[in-house]
Amino acid sequence: MENDDMSYLKETAAWEDGIYQIETSDPVLGGPDGITNRPTRELVNRTAWLKQQLKEAEAALTAHTRSRNHPDASVSEKGFVKLSNANQSSSETEAATPKAVKIVNDRLNAVIDSAPSTLDTLNKLAKAIDNNPKFAEKLNQLLEQKLSKNDNAKNATPNQRKINGKTLTQDVQLTATDVHAVTPEVLRSEIPVGVPLPWPTERAPTGWFICNGELFDKKKYPLLALAYPSGKLPDLRGEFIRGWDAGRGVNPGRRVLSSETGSLESHAHGYRDRYYVEHEGSLRSANNKEKMQGGYNGNTGSGRTDGDNNSYLFIDKITSNAGGSETRPRNVAFNYIVRAA
């Protein structure tokens, strides 16, 4: 039966650095501040402080859990990870589900089962893996059996086999020169950066630019900037390339990379209309007249009735325009491209 008059120690949430030890000389003294209750009071305070800390930690953990404010997992850090059924993904932040693993396993088994009898190493490896405590030993045995059938295994390569003078009985480090590979340096020496070349498709290959008059980054492409210091590609779309005159006098007044409009060399196509008259007297004051040689149509007169219709009046004319919108030779359209680096 509880005593309603019972008093309890007052709890204060505070961490007491030490618990007092009652000495034999201490009097028995109760009450809130009594020395007899001091050790108990200090323990009660510690307990209250621990309860408060635990309650606050639980509240913080609950709030954190509900917030879902957690880091994502990676190959180097712990965190939440998303499950995925993808079986051909390269993601490093998602975890494969058993379904995805089963799909891959089924495909692998299908490949192993369909392997030819002469290439049954995969089947044997699969059997060796299955609950075999000596898997490594078994694997080495299988590999040795396969290698023993290879004429070039176990240093069996004939000494006379060489690549560019280097025997195959040792590790061979081949250079681009050994295999006559075309390196960027060789390509630059064969086709300098900036030389326009005809290209048969609408898009330039990787590492090349179309000569379309666009700007380029001179810092990123310093070799191209040596050819085109302005940082701008020539616009060769619909253009013919002409050799620079360089003082020859055929096409003077030009500088390298300068453009020139279309032109047709000055010329004319003329013809003469003749109007014959009966006698020269009527043309006495005309400037545009000529004397017939031997008379009109080789006769002295028309029907030989008179001999003075041996002159004619003429008018010079020029033909009317004919042709297209420009003067050009037959041609085939290509893209002009330049190497970028």
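Given the structure is predicted, the values throughout are model-derived calculations rather than measurements. (Residues numbered from 1 in each chain as written. Predicted model: local features only at pLDDT ≥ 70, side-chain atom pairs only at ≥ 80, totals over all residues. Heavy atoms only, no water.)

A few points about the overall build of the protein chain
Going by this rule: Strands are runs of DSSP state E lasting at least 2 residues, helices are runs of H or I lasting at least 4, and numbering of each runs from the N terminus. A 1.4 Å probe rolled over the protein chains alone gives each residue an accessible area, and that area as a share of the maximum for its type sets the label: buried under 20%, exposed over 50%, partly exposed in between. Residue contacts are counted whenever heavy atoms from the two residues lie within 4.5 Å of one another. Accessible surface area values rest on a Shrake-Rupley calculation with a 1.4 Å probe, where residue burial reflects the displayed protein chains alone.
If you tally the helices and strands in the protein chain, you get 6 helices and 10 strands. Within the protein chain, the fraction of its 341 residues that count as buried is 16%. Long-range pairs, those at least 24 residues apart, make up 50% of the contacts in the protein chain with a sequence separation of at least 6. Accessible surface, the protein chain: about 27700 Å² in total, of which carbon and sulfur atoms supply 52%.

Focus: the sheet that holds strand S5 (residues 197–199)
Stated formally: In this description, strands pair whenever DSSP reports at least two bridges between them. Helix axes are fitted to C-alpha atoms over the stretch in contact, other axes to C-alpha atoms as well, and angles between N-to-C directions run from 0 to 180 degrees.
Judged by pairing direction, the sheet is antiparallel, and its 3 strands sit side by side in the order S5-S10-S6 without closing on themselves. Looking along the sheet, the strands with just one partner apiece sit at the ends: S5 and strand S6 (208–210). Pairs of neighbouring strands in the sheet enclose a mean axial angle of 45°, with direction left out of account.

Some words on the pairing of strand S10 (residues 335–339)
Of all 5 residues that make up S10, 4 are buried, and the element is covered over most of its length. Alignment of S6 against S10, held across 3 bridges, turns out to be antiparallel. Across the sheet, residue Phe-209 finds its bridge partner in S10, namely Val-338.

With respect to the packing of aromatic side chains
To keep things clear, this is the line we draw: Working definition: rings of Phe, Tyr and Trp (its six-membered ring) pair if their centres are within 6.5 Å, and the pair is stacked with planes under 30 degrees apart, edge-to-face with planes over 60 apart, and tilted otherwise.
Under the criterion given, the structure shown has 2 aromatic pairs. A centroid spacing of 5.2 Å and a plane angle of 85° characterise the contact between Phe-209 and Tyr-221, whose relative ring orientation is edge-to-face. In this pair, Phe-209 is assigned in strand S6 and Tyr-221 in the loop between S6 and helix H6 (222–227), connecting sequence segments 12 residues apart. You can call Tyr-221 buried: its relative accessible area is 18%.

A few points about the environment of Asn-37
Position of Asn-37 among the secondary structure elements: in the segment before helix H1 (38–67). Remark: the alpha-carbon pair of Asn-37 and Leu-9, spanning 28 residues in sequence, is separated by 8.3 Å. Ignoring anything within four residues of it in the chain, the contact list for Asn-37 reads Leu-9, Leu-29, Gly-30 and Gly-31.

Observations regarding the pattern of salt bridges
Oppositely charged side chains are able to pair whenever their charged atoms sit close together. Worth spelling out the cut-off: Any Lys or Arg side-chain nitrogen found within 4 Å of a carboxyl oxygen on Asp or Glu counts as a salt bridge.
Here the structure, examined in full by the defined rule, presents 6 salt bridges. Glu-42 serves as the salt-bridge partner of Arg-38, at 3.2 Å between the closest nitrogen and oxygen. Placement of the pair is Arg-38 and Glu-42 together in helix H1, with a separation of 4 residues, close to one helical turn. In this structure Glu-42 comes out as buried when scored by relative accessible area, which is 9%. Between Asp-106 and Lys-102 there is a salt bridge; the shortest N-O distance is 2.9 Å. Of this pair, Asp-106 and Lys-102 both sit in helix H2 (residues 98–113), 4 residues apart, which is roughly one turn of that helix. It is possible to trace a salt-bridge network through shared partners that takes in Arg-242, Arg-254 and Glu-260.

Details of the confidence of the model for the protein chain
Here is the rule: The predictor reports its confidence for every residue as pLDDT, a score running from 0 up to 100.
In the predicted model, the protein chain carries a mean pLDDT of 77, and the fraction of residues at 70 or more is 67%. S6 holds the highest mean pLDDT among the elements of the protein chain, 96, whereas strand S8 (residues 289–291) holds the lowest, 57. Confidence over residues 294–308 falls short of pLDDT 50; this stretch has 19 contacts with residues more than four positions distant or in other chains.

Points about a nonpolar patch on the surface
What counts, and what does not: Grouping into patches uses exposed residues only, defined as over 30% relative accessible area, and leaves out salt-bridged ones; the cut-off is 9 Å for like charges and 5 Å for nonpolar side chains (Val, Leu, Ile, Met, Phe, Trp, Tyr).
Together, Trp-244, Val-256 and Leu-257 make up a nonpolar patch on the protein surface, roughly 350 Å² of accessible area in all. Mapped onto the elements, Leu-257 comes out in the loop between H6 and strand S7 (270–277). Under the relative-accessibility criterion, Leu-257 is labelled exposed at 54%.

Details of the environment of Trp-15
Tracing the sequence through the fold places Trp-15 in the segment before H1. Judged by its relative accessible area of 42%, Trp-15 is partly exposed.

Topic: unusual backbone geometry
The phi dihedral of Ala-246 is positive, around 50°, even though this residue is not glycine. Looking at the secondary structure, you find Ala-246 in the loop between H6 and S7. Ala-246 gets classed as exposed once you look at its relative accessible area, which sits at 51%.

What about the side chain of Asn-212?
Tracing the sequence through the fold places Asn-212 in the loop between S6 and H6. On the basis of relative accessible area, Asn-212 is assigned to the buried category, the value being 18%. Ignoring anything within four residues of it in the chain, the contact list for Asn-212 reads Leu-233, Pro-234, Asp-235 and Arg-237.

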